Amino acid sequence: MKQSVEAPQRVFLFVLSFAGFASLVPQGALAQQLVQQYFPVDVPGFAPDFSASVVNRLTTQNQAQGINVGSFVVRPSASQSFGYNSSTLGLPGTGSSSESTSAAIGVKSNWGRDSLGASVSVADQRYLDIPIASFTNWNAALGGAVALGRDSLSLGYSHLALHLSATDLGVFGVTTPAPYNVNVVRLAYNSTFGRFSVTPGFEYQDFSFGTSSGQTDINYHSLSHQLESGSLQTRYQLSTGNAVVAILRGSTAQFTRVPGTSPNNYDDIEAFIGLDFRADALVQYRVLVGGEHRKFSSAGFVSASTPTAEIDAVWTPTRLDTVTASLFRRLDDPESPFARNQTISFGSLQYDHELRQNLYFRLTGTLGATDSQSNVVGQQNNGQTQYKAGASGTWLVNRHMSTSLSYSYNHSHSSSNVSPLENVSAFGTTLNSFTSHTVSISVSLFE
């Protein structure tokens, strides 16, 4: 009886805390798949990355204690880097030296059961020789979770101010960075019945695209849309850390209506089933396979269906080596004013090696391909293939400082005949492919 009285009190306190913190977070003042890269991994309500690499182990071992403020831990950090990018805009003649500055602060409770956290970060990218390629991204997030007996309730909110880049996978018709804002709200309730658990969830996303700057200002407002998603996830625990997972998700999107064009509004349903095995220290993996179907409200737009999958695996043959692999295929919202949606297939492979204490080396390789449906009836789709490779070395100097040197290679080929919307004659002829080389050295400070 006592538990039934305390549970509503915890919910009430959780809501009050959420409202209090929300008043402190600035309000208002990639596209869809890129957004996932910016979700905070240390804020309740946002799932952490699937990884168990030697880098994470070294970082955890050397992590600073943070600043204790009452029952909260505050973790500030900052980073400064300098380098060179041979193709900042994916066009000839756009090589530039670069300067990157970033800072972040995170706050998280150290309560016994319930949790509350918030984070704010900003990253400024300057290209000294091509100023119009420069941009600033920032995001703020707030989330919390409350235990309700065997169940749990989590709620998270995130605001992101990002930019589309001409060198991003699946982006057509963009030259200079195109700004967009995203507001995301996630709500989930987990109920456990022995080995079986059920998690219904809801997510709201609001994408608002602005105007890029350059020789010609271009408005990308046609990409703005709202997306509501409801999901149901079930897990059956086969053994500790190992489970069978099934996910069903339905979504509906409403795009901004542009005069003279049909909106990209659609209804979408997707289903997955698979395994989530994390008990083994040598190999951990998550495999989800399924399908997705998207139907557009406009009669002139053809429906889209595709098999979908998500595979993540971590192999740790020794304490000094980790191989991380990831693969996914799915439908995404358009990242170009010339497309309705696009199918993305993406795979990555990463190798981490601890050379010596507090010094590690990383090799990465990725392959991505997109097929974007044209929003003009009868016009062929736009396709792109992109290869990336990179190497980096990082030295964890102490608990409060690290330094790194990195190199990356990016080659992209497009089958699209879409030219950038801006007048780019100052940079030469627009090509369907580009190759870029990037090198940088950075220093990071954290508490």
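The structure this text deals with has already been given above.
Note that the coordinates shown come from a computational prediction; the quantities given were computed from them, not determined experimentally.

What counts as what
- Residues numbered from 1 in each chain as written.
- Predicted model: local features only at pLDDT ≥ 70, side-chain atom pairs only at ≥ 80, totals over all residues.
- Heavy atoms only, no water.
- Helix = DSSP H or I, 4+ residues; strand = E, 2+ residues; numbered from the N terminus.
- Areas by Shrake-Rupley, 256 points an atom, 1.4 Å probe, with all protein chains shown as cover.
- Buried < 20%, exposed > 50% of the residue type's maximum accessible area, 1.4 Å probe, protein only.
- Salt bridge = Lys/Arg side-chain N within 4 Å of Asp/Glu carboxyl O.
- Phe/Tyr/Trp six-rings, centres within 6.5 Å; stacked < 30°, edge-to-face > 60°.
- Lys NZ or Arg CZ within 6 Å of the ring centre and 35° of its normal.
- Core = buried A, V, L, I, M, F, W, Y, C linked by side-chain atoms within 4.5 Å.
- Pairing = 2+ DSSP bridges.
- Contact = heavy atoms within 4.5 Å.
- Patch = residues over 30% accessible without salt bridge, like charges linked within 9 Å, V, L, I, M, F, W, Y side chains within 5 Å.

S.K.: I'd like to hear about the overall build of the protein chain, residue by residue, with values.
M.R.: Looking only at helices and strands, the protein chain features 3 helices and 21 strands. Of the roughly 21,300 Å² of accessible surface on the protein chain, 60% is carried by carbon and sulfur atoms.

S.K.: With reference to specific residues and values, describe unusual backbone geometry.
M.R.: The residue Asn358 is not glycine, and still its phi comes out positive at about 70°. Relative to the helices and strands, Asn358 resides in the loop between strand S17 (339-356) and strand S18 (359-374). Judged by its relative accessible area of 17%, Asn358 is buried.

S.K.: Give a description of the pattern of salt bridges that names residues and reports values.
M.R.: Evaluation of the coordinates by the stated rule reveals 12 salt bridges. Arg278 is paired through a salt bridge with Asp276; the nearest N and O atoms lie 2.8 Å apart. Its relative accessible area of 6% is what places Asp276 among the buried residues. Arg330 is paired through a salt bridge with Asp332; the nearest N and O atoms lie 3.2 Å apart. The class of Asp332 is buried, set by a relative accessible area of 2%.

S.K.: With reference to specific residues and values, describe the packing of aromatic side chains.
M.R.: Under the defined criterion, the tally for this structure stands at 7 aromatic pairs. Summarising the aromatic geometry, the rings of Tyr180 and Phe209 are spaced 4.8 Å apart at their centres and angled 15° between planes, so their arrangement reads as stacked. Placement of the pair is Tyr180 in strand S7 (residues 178-193) and Phe209 in strand S8 (residues 196-209), with a sequence separation of 29 residues. Exposure class is identical for Tyr180 and Phe209. Each is buried. Taking 6.1 Å as the distance between ring centres and 75° as the angle between the ring planes, the aromatic pair formed by Tyr266 and Phe296 counts as edge-to-face. With Tyr266 in strand S13 (residues 266-277) and Phe296 in strand S14 (residues 283-296), this residue pair connects regions lying 30 residues apart in the sequence. As far as burial versus exposure is concerned, Tyr266 and Phe296 are alike and both buried. Through a chain of ring-to-ring contacts, the aromatic side chains of Phe255, Tyr266, Phe296 and Phe301 assemble into a single cluster. Of note, Arg340 hangs over the ring of Phe296, and the distance from its end group to the ring centre comes to 5.5 Å. Across from the ring centre of Phe301, 4.5 Å away, lies the NZ or CZ of Arg340, which sits over that ring.

S.K.: Residues and numbers for the nonpolar core, please.
M.R.: Ranked by internal contacts, the top residues of the largest apolar core, which has 14 residues, are Leu164, Tyr180, Val182, Phe209 and Tyr220. Those elements giving two or more residues to this core turn out to be strand S6 (151-164), S7 and S8. With 4 residues, the top contributor of residues to this core is S7. With 6 residues, the next largest nonpolar core counts Leu227, Ala253, Phe296 and Phe301 among its residues.

S.K.: Any details on the pairing of S8? Residues and values, ideally.
M.R.: Within a regular strand, side chains alternate between the sheet's two faces. Two strands pair when backbone bridges link them, and S7 and S8 are joined in this way by 12 bridges, in the antiparallel orientation. Paired with Thr192 across the strands is Ser197, a residue of S8. The hairpin turn running from S7 into S8, its antiparallel successor, is 2 residues long, and Gly194 in that turn takes a positive phi close to 65°.

S.K.: Please set out the pairing of S6 residue by residue, giving values where relevant.
M.R.: Of all the 14 residues making up S6, 13 are buried; the element is thus mostly covered by neighbouring parts of the structure. With 11 bridges connecting them, strand S5 (residues 135-148) and S6 associate as antiparallel partners. When the bridges of S6 are listed, Leu148 appears paired with Asp151. Summarising the sheet, S6 and S7 pair through 13 bridges and their orientation is antiparallel.

S.K.: Could you give an account of the environment of Ala304, naming the residues involved and the relevant values?
M.R.: Along the polypeptide, Ala304 turns up in strand S15 (residues 304-318). Residues Ala304 and Glu292 lie 12 residues apart in sequence; the distance between their C-alpha atoms is 8.2 Å. Once residues lying within four places of it in the same chain are set aside, the contact partners of Ala304 are Glu292, His293, Arg294, Leu331, Asn341 and Gln373.

S.K.: Would you mind going over a nonpolar patch on the surface in detail, with residue names and values included?
M.R.: A contiguous nonpolar patch, built from Phe82, Tyr84, Leu405, Tyr407, Tyr409, Val439 and Ile441 and spanning about 650 Å² of accessible area, is present on the exposed surface. Only strand S2 (72-85), strand S20 (401-414) and strand S21 (433-446) provide two or more residues apiece to the nonpolar patch. With 3 residues, the top contributor of residues to the nonpolar patch is S20. Mapped onto the secondary structure, Phe82 falls in strand S2.

S.K.: Describe the environment of Leu142, and please don't skip the residues or the numbers.
M.R.: Assignment of secondary structure puts Leu142 in strand S5. The sequence separation of Leu142 and Ser119 amounts to 23 residues, and the corresponding C-alpha distance is 6.6 Å.

S.K.: Please give an account of the side chain of Thr394 that cites residues and values.
M.R.: With respect to the secondary-structure elements, Thr394 resides in strand S19 (residues 382-398). Apart from residues lying up to four places away in sequence, Thr394 is in contact with Asn358, Leu359, Tyr360, Ser402, Thr403 and Ser404.

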